[in-house]
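The lines below spell out each chain.
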Amino acid sequence: MDPLSSYLAHLVRRNASERTVTLYGVCLSKLKAWAAATLGRDLRGLRSRDLFEYQVWLSRAHSRRGRRYSVGHQAAHISVIRSFYRYLHEEAIVTPDPAKSLQLPRQPKRLHRDILAREELKRLLAQPDDSVLGLRDRVLLRIMALSGLRVSELVALDLDDVDLDEREILVRSGKGGHDRLVFFDVGPRRHLHRYLRRSRPRLAAHDAPALLLSVSGRRLGTVTPGRSYPSGDVDKLTRLRG
């Protein structure tokens with residue numbers, strides 16, 4: 001079995017969703033095609049400098065619509081590549097890991113006239129308590145504040161769209177009508193784990209697929225958290241992300 005097929009089979013064994021497997025396959029197929037056309041090599045033969053060269057190419061490449069790929073799109077590709085080669089290295093298919101030193105491109109800072117100040121954001125994120133709804137709201141607020149997800153995208157997430165191990169979220173039909181990967185750090189992962197272990201099972205009605213659930217056990221609506229948090233702060237955060 002070739003490395004790409006082996007890795008995709010590994011994702012299936014890990015119960016990755018069908019869309020995640022497809023998205024990973026698309027990212028890696030793009031790298032495979034570039035390597036064959038540019039270097040005359042397969043995925044097993046790529047070295048660190050080859051992957052750096054690909055990252056530079058990706059930053060300058062254009063989509064079918066003639067637009068340059070966004071930083072978020074580039075970061076998704078690089079994250080998939082790092083995960084792919086980490087798997088190959090663990091399976092002793094390649095050594096050393098050529099993607100180990102790849103860095104994710106930084107998101108440009110966007111300026112907003114109506115934006116939460118640092119202290120306002122800290123105050124808002126500290127509001128949810130350790131109750132069932134508080135754990136849920138903590139996840140909602142932190143992901144919305146730190147990942148760039150829109151409110152509508154966040155409440156549309158299903159359980160299968162979140163991978164805690166890889167710290168990634170699959171956003172289905174997001175901006176531009178395309179699926180995309182969004183990444184989060186260890187802080188949101190810790191809160192997600194607590195919510196999934198201690199809160200969501202008490203909210204879930206039957207086999208609800210949604211990640212964020214209301215008190216009725218159904219998918220949370222496209223509204224801000226229904227708790228007594230500073231309304232002005234929530235409004236600002238929602239406008240920036242919605």
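Here the structure is a predicted model, which means the values were calculated and not measured.

Peer 1: Any chance you could explain the layout of surface pockets here in plain terms?
Peer 2: Empty space within the second largest pocket amounts to approximately 290 Å³. Surrounding the second largest pocket, 19 residues form its lining, Arg14, Asn15, Ala16, Val162 and Asp163 being those nearest its centre. Those elements that place two or more of their residues in the lining of the second largest pocket are helix H1 (3-13), helix H2 (18-38), strand S1 (162-163) and strand S2 (168-171). Along the lines of polarity and charge, the residues of the lining of the second largest pocket split into eight nonpolar, four polar and seven charged.

Peer 1: Help me understand the nonpolar core in this model?
Peer 2: When a protein is soluble and globular, its nonpolar side chains tend to lie buried together. Residues Tyr7, Leu31, Leu51, Ile81 and Tyr85 are the most contacted members of the largest nonpolar core, which totals 32 residues. Secondary-structure elements contributing two or more residues to this core are H1, H2, helix H3 (48-60) and helix H4 (71-90).

Peer 1: Teacher, can you tell me more about the packing of aromatic side chains here?
Peer 2: Given two aromatic rings, one states the distance between the centres and the angle between the planes to describe the pair. All chains considered together, the criterion is met by six aromatic pairs. Aromatic pair Tyr7 and Tyr87: ring centres 5.5 Å apart, planes at 50 degrees, arrangement tilted. With a gap of 80 residues between them, Tyr7 in helix H1 and Tyr87 in helix H4 connect regions that are remote in the sequence. This pair shows no difference in class: Tyr7 is buried, exactly as Tyr87 is.

What counts, and where the lines are drawn
- Residues numbered from 1 in each chain as written.
- Predicted model: local features only at pLDDT ≥ 70, side-chain atom pairs only at ≥ 80, totals over all residues.
- Heavy atoms only, no water.
- 1 Å grid on protein atoms, 1.4 Å probe; cavity = no way out; pocket = protein on both sides within 12 Å on 5 of 7 lines; lining within 4 Å.
- Points joined across faces, edges and corners; volume = space filled by probe spheres on them.
- Helix = DSSP H or I, 4+ residues; strand = E, 2+ residues; numbered from the N terminus.
- Nonpolar A, V, L, I, M, F, W, Y, C, P; charged D, E, K, R; others polar.
- Core = buried A, V, L, I, M, F, W, Y, C linked by side-chain atoms within 4.5 Å.
- Buried < 20%, exposed > 50% of the residue type's maximum accessible area, 1.4 Å probe, protein only.
- Phe/Tyr/Trp six-rings, centres within 6.5 Å; stacked < 30°, edge-to-face > 60°.

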